[in-house]
Amino acid sequence: MATESSEITTTGYIEHHLTNLICGKTEKGWTCDPYLADQMGFWSFHVDSLGWSVFLGLVFIGLFRMGIPKLSTEAPSGIQNFVEMCVEFVNENVQSIFTSAKNPIIGPMALTVLVWVFLMNLMDLVPVDYLPTLAGNIAAFTGLVEEPGDAYFKVVPTTDPNITLGMALAVFVLIIFYSIKMKGLKGFVAELTLHPFGKYLIPVNFVLEFVNLIAKPISLGLRLFGNLYAGEMIFILIALMLVFNSIAIGLLGVGLHIIWALFHILILALQAFIFMVLTIVYLAMAHETEDH
Amino acid sequence: MNINATLLGQTLAFVLFVAICWRYVWPPIIAIMEEREKRISDGLEAAKKANDSLEEAKLNYEAELDKAKSESADIVEKANQRASQIISEAKTKAEAEAEKIIASANKNLEAEINKTKEALRKDVSEIIVSTTEKILGDEISHEKHEKIISEAAQKI
C-alpha cells in the first residue's frame with residue numbers, strides 16, 4: 001500500500017544513502033551541512049569518501065608493510081604469501097604490457113591501484129545501512145546532529161565520481177608527463193596533430209586525437225564509478241524491501257541481497273583489475289616512442 | 001553528480017599512496033622474491049652438480065671395487081700357492097723324517113736281533129756243552145773244548 005508518506009520515505013531513504021557528508025565554505029563560514037552544498041562551490045570536500053579512501057589506502061600500506069620486517073626467502077607464510085601473490089600478479093601484468101620501455105614506478109602504481117580500488121569496492125559488500133547508522137548514532141551521541149537520521153554518510157568511495165575521477169586525473173597527468181618525457185614536447189604535439197590524416201588536416205587530426213586523449217581519463221574514472229554506483233543502487237533498492245513490514249518481502253530481500261552480493265564480488269574484483277590494466281596500458285602507450 | 005575539491009584531494013592521496021608504495025612497499029617484496037628465485041635456481045644448479053659428482057663417484061667406486069676385487073683374487077691365489085708350497089715342503093720333510101726314523105728303528109731292530117742271536121747262541125752252546133758234559137762226564141771240559149764250542153756256536 002503505497003501511501004503519500006511511504007513514497008516520501010522511500011525517496012528519502014534512497015537520497016539519504018546517496019548524499020555525501022560534505023564540508024565546505026559558505027557565506028556563514030565552514031559548515032558540514034549537506035543542505036547547504038549548493039552554496040559551497042568547488043572548494044568543498046566529501047569527508048566520508050575521502051576519509052574511507054585514505055583509511056583504506058592506509059589499510060593497504062599497513063597490510064603490505066606488516067610482514068616486511070620478517071620477510072623470508074625460505075618458506076613464506078601467511079600474510080607474506082598473500083602479499084607476494086598480489087605483487088607477482090601485478091608484476092606479471094605490468095611486464096606483459098610494458099614490453100619495450102621500463103619504468104620502475106608502474107609496478108608500485110599498479111599494485112596500489114589494484115589493492116586500493118579493490119578495498120574501496122569491497123566496502124560495497126558491507127550492508128548499506130550498517131555504517132551510516134553507526135555513524136549517525138555516533139554523531140547524534142556526540143551532539144554533532146540532533147537525530148541519527150540527520151547525519152549523511154556514504155561509505156563506498158568508488159561510488160563517488162570525485163574519487164574515481166581524482167585517480168583518473170592522476171593517471172592523466174602521468175600520461176602527459178611520460179608522453180612529453182619519452183617523445184619530447186615536439187613528439188607529443190606531433191602525435192596529437194599529425195595523424196591520422198597527415199599534416200594538411202591538422203585541425204581535424206587535433207580534434208580527433210584530443211578527444212582520444214581526453215576520453216582516456218574520463219572513461220577510466222566513469223567506468224569504475226558507473227559500475228560501483230549501479231551496484232550500490234541495487235543494494236539500496238534491495239535494502240528498501242526490508243522497510244516494508246512484510247516478512248515475505250523481507251525474506252525475498254535477504255535472498256536477493258545474498259545473490260547480488262555474491263555476483264557483486266565478481267564485479268568488485270573485475271573493476272579493480274580493469275582499472276589497473278587500463279592504467280598500465282595508457283602509460284605503456286605514453287611510453288611508445290615509435291612513429292605511427 | 002557533484003564535482004568538487006574531493007577530486008583534488010583524492011588525486012593527492014593517490015600520488016601519496018603510490019609514492020609510499022613505490023618507496024617502501026614494492027622494493028623489499030620484489031627484492032625478497034628475486035632473492036628467492038636466485039636461491040632456487042642456485043639450488044637446482046647445485047643439485048645438478050651434486051648429481052653429476054655422484055655419478056662420477058659411482059664410476060670411481062665401481063672402478064676401485066673392480067681393482068680391489070682383482071687384487072684380492074691375486075692375493076688369494078698367491079696365498080693358495082704359498083700354502084700348497086708349505087704343505088708340499090712339510091710333506092717332503094715329514095717323509096724324510098719318517099724314513100730316517102724307520103731306518104734307525106730298523107738298525108736298532110737288527111742290532112737287537114743280532115744281540116739276541118748272540119745270546120741265544122751262547123745259551124744254546126752252553127746248554128749243549130753242559131748237557132754233553134753231563135753225558136760224557138769229565139771228558140769234555142769247558143776249558144778244553146773251548147774251540148769246538150765256539151765253532152758250534154758259530155754254526156747255530
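This is a predicted model, so every value here is computed, not measured.

This next bit is on the overall build of chain B. For chain B, the count of helices and strands is two helices and zero strands. Reported as C-alpha extents along the three principal axes, the dimensions of chain B are approximately 190 × 25 × 25 Å.

Moving on to the overall build of chain A. Tallying secondary structure elements over chain A gives nine helices and three strands in all. Counting from the amino terminus, chain A carries its helices and strands in the arrangement α-β-β-α-β-α-α-α-α-α-α-α. With respect to the principal axes defined by its C-alpha atoms, chain A has extents near 65 × 60 × 40 Å. Looking at the 292 residues of chain A, the share that counts as buried comes to 35%.

Moving on, we come to the interface of chain A and chain B. Counting from both sides, the interface comprises 37 residues of chain A and, opposite them, 30 residues of chain B. Secondary structure elements with two or more residues in the side of chain A that touches chain B: strand E3 (44-46), helix H3 (47-66), helix H4 (79-97), helix H5 (106-122) and helix H7 (161-193) of chain A. In terms of residue class, the side of chain A that touches chain B is made up of 23 nonpolar, ten polar and four charged.

Before going further, it helps to examine the nonpolar core. Residue and element names in this part refer to chain A. With 68 residues, the main nonpolar core has Ala110, Leu114, Trp116, Val117 and Val171 as its most contacted residues. A total of twelve residues in this core trace back to one element, the largest contributor, which is H5. The residues contacting Leu114, other than those within four sequence positions of it, are Val90, Ala272, Phe273 and Met276.

Right, let's get into the sheet that holds E3 of chain A. Residue and element names in this part refer to chain A. On the basis of which strands lie adjacent, the open sheet formed by three strands has the order E2-E1-E3 and antiparallel pairing. Every interior strand has two partners, whereas the edge strands, strand E2 (29-31) and E3, have only one. Across the sheet, the mean angle separating the axes of adjacent strands is 10° when strand polarity is ignored. Pairing between strand E1 (residues 22-26) and E3: three bridges, direction antiparallel. Paired with Ile22 across the two strands is His46, which belongs to E3.

Residues and elements named next belong to chain A. Orientation of H7 relative to helix H8 (residues 202-240), taken along the N-to-C sense of each, is 155°, at an axis distance of 8 Å. In terms of axis orientation, H7 runs roughly antiparallel to H8. At the point where H7 passes H8, the crossing takes the right-handed sense. Facing H7, whose interface residues are Pro161, Thr164, Leu165, Met167, Ala168, Leu169, Val171, Phe172, Ile175, Leu192 and Thr193, H8 presents Ile202, Asn205, Phe206, Glu209, Phe210, Leu213, Lys216, Pro217, Leu220, Gly221, Leu224 and Phe225. Of the residues assigned to the contact of H7 with H8, the class counts are 17 nonpolar, four polar and two charged.

A few words on the pairing of E1 of chain A. If a strand is regular, its side chains alternate between the two faces of the sheet. Residue and element names in this part refer to chain A. Alignment of E1 against E2, held across three bridges, turns out to be antiparallel. What sits directly across from Thr26, in E2, is Gly29. With antiparallel pairing between neighbouring strands as the criterion, E1 and E2 make up a hairpin whose turn holds two residues.

About the cut-offs
Residues numbered from 1 in each chain as written. Chains lettered and ligands numbered in written order. Predicted model: local features only at pLDDT ≥ 70, side-chain atom pairs only at ≥ 80, totals over all residues. Helix = DSSP H or I, 4+ residues; strand = E, 2+ residues; numbered from the N terminus. Buried ≥ 20, exposed ≤ 12 C-beta atoms within 10 Å, placed from the backbone. Contact = placed C-beta atoms within 7 Å. Nonpolar A, V, L, I, M, F, W, Y, C, P; charged D, E, K, R; others polar. Core = buried A, V, L, I, M, F, W, Y, C linked by C-beta atoms within 7 Å. Pairing = 2+ DSSP bridges. Axes fitted to C-alpha atoms, helices over the stretch in contact; angles between N-to-C directions. Parallel < 35°, antiparallel > 145°, perpendicular 65-115°, else oblique. Left-handed = near helix turned anticlockwise from the far one by under 90°.

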